[in-house]
Amino acid sequence: MVKMKRPHIPFMKYRWLMLMISFGIVAAGVAAIAVKGLNFGTDFTGGLKLIYQFQESTSESAVNEALQADGLSRFVTQRFGEAKQNTFIVKSDVPGDKTEEFAKPYTSALEKSFGAEKVKLLQEEFVGPKVGKELRTKGIYAVLWAWVIMLIYIGFRFDFHFAPGAIVALIHDVLVAIGLFALLGLEVNLTVVAAILTIIGYSINDTIIVFDRIREDLQRHKGMGLIDTVNLSINETLSRTIVTSLTVFFVVVVLFFRTEGEIKNFAFAMMIGVLTGTYSSISIASPIFIFLREHGHRFGLKKR
């Protein structure tokens, strides 16, 4: 069995550069959210979401024309999946008449234009606006509570020199993922919130591995400088981190390229989360720990 040689990369030599790059990426993500906004799915906005498959090749404009010709308005059509699948999503506001079958007028309009045997309704989803707003609020609270619980856990598991860096790293990972969704106009729904919570769990796990080794090395190498100790700890855990990250990354890459719809968005969020979670443990959590260890007494933290 070939044993990997331990690297000796001076990560903390470039800690300020890494922090600037990280916060620059976060700033770009926040700007994308502020300018473009998030494309909330039916889960959060309420409304009607229909997925149709056509036997013959068609286009978004043809589907729009068929619906408009039957007097329908205030809807958005979007291709779903690969072009050869001929599948489209139709999103609409909450129908005014809640007693009727929500999909019926849309299905009828498409059948008139394309033929009843050539149009198939694959999925129908309806969420009321009040329920959508409640789900959006609960999704935000779920992420915020996850941050708070992680802060308390890290604070008691290690100490509060470690905790702030871990939380800032988590916030970084979440904002990068959400920023990319805003930039690319991808739909944000409950499945994506589940991915965000999974990212938080994955990222904190990677950070804990690094922090555990830092704590051990601080006791084991008491004569070594703080920066050298942190560099040693990161390098000692680097091979394990890379192997673990690649294992998860390969799985979500397969999901991304082999699935469609909500699962594809879940996989995309996880791909970003695996990369940022691994990176932030080194580039954000560890430098902030060093800063608080050296200057934390200015903020009321006990000097160690």
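Residues numbered from 1 in each chain as written. Predicted model: local features only at pLDDT ≥ 70, side-chain atom pairs only at ≥ 80, totals over all residues. Heavy atoms only, no water.

Draft legend 1. Seen up close, the overall build of the protein. A tally of helices and strands in the protein yields nine helices and six strands. In terms of overall dimensions, the protein has a C-alpha envelope of 80 × 50 × 30 Å along the principal axes. Residue burial in the protein is summarised as follows: out of 304 residues, 46% are buried. When contacts within the protein are restricted to residue pairs at least 6 apart in sequence, long-range pairs at least 24 apart make up 78% of them. By element, 62% of the accessible surface of the protein is carried by carbon and sulfur atoms, the whole surface being about 16200 Å². Taking the average location of the 33 positive side-chain charges in the protein and that of its 27 negative ones, the two points are 12 Å from each other. (Helix = DSSP H or I, 4+ residues; strand = E, 2+ residues; numbered from the N terminus. Buried < 20%, exposed > 50% of the residue type's maximum accessible area, 1.4 Å probe, protein only. Contact = heavy atoms within 4.5 Å. Areas by Shrake-Rupley, 256 points an atom, 1.4 Å probe, with all protein chains shown as cover. Lys, Arg positive; Asp, Glu negative; His and termini not counted. Charge placed at Lys NZ, Arg CZ, Asp CG, Glu CD.)

Draft legend 2. Spotlight on unusual backbone geometry. Phi is positive for Asn-86, close to 55 degrees, though the residue is something other than glycine. Summarising the element assignment, Asn-86 is placed in the loop between strand 3 (75-79) and strand 4 (87-92).

Draft legend 3. Molecular detail of the packing of helix 3 (residues 60-69) against helix 4 (residues 104-114). Their axes nearest at 8 Å, the elements helix 3 and helix 4 cross at an angle of 110 degrees. If you check the angle between helix 3 and helix 4, you find them roughly perpendicular. Considering the relative orientation of helix 3 and helix 4, their crossing is right-handed. Of helix 4, the residues touching helix 3 (which contributes Ala-62, Val-63, Ala-66 and Leu-67) are Tyr-106, Ala-109, Leu-110, Ser-113 and Phe-114. (Axes fitted to C-alpha atoms, helices over the stretch in contact; angles between N-to-C directions. Parallel < 35°, antiparallel > 145°, perpendicular 65-115°, else oblique. Left-handed = near helix turned anticlockwise from the far one by under 90°.)

Draft legend 4. Region of the structure containing helix 8 (residues 226-258). In this model, helix 8 (33 residues) spans 46 Å end to end at C-alpha, consistent with the 48 Å of a helix rising 1.5 Å per residue. Of all the bends in helix 8, the largest measures some 45 degrees and sits at Leu-238. (Expected span 1.5 Å × (residues − 1). Bend = angle between axes of the 7 residues up to and from the residue.)

Draft legend 5. Spatial organisation of the packing of helix 1 (residues 15-36) against helix 6 (residues 163-184). Viewed as axis vectors pointing N to C, helix 1 and helix 6 meet at an angle of 45 degrees, and their least axial separation amounts to 8 Å. For the element pair helix 1 / helix 6, the angle class is oblique. Every pair of crossing elements has a handedness; the one defined by helix 1 and helix 6 is left-handed. Listed contacts from helix 6 to Ser-22, Phe-23, Ile-25, Val-26, Gly-29, Val-30, Ala-32, Ile-33 and Lys-36 of helix 1 are Val-168, His-172, Leu-175, Val-176, Ile-178, Gly-179, Ala-182 and Leu-183. For the contact of helix 1 with helix 6, a count of residues per class yields twelve nonpolar, four polar and one charged. (Nonpolar A, V, L, I, M, F, W, Y, C, P; charged D, E, K, R; others polar.)

Without other data, these values stay purely geometric and don't point to any function.
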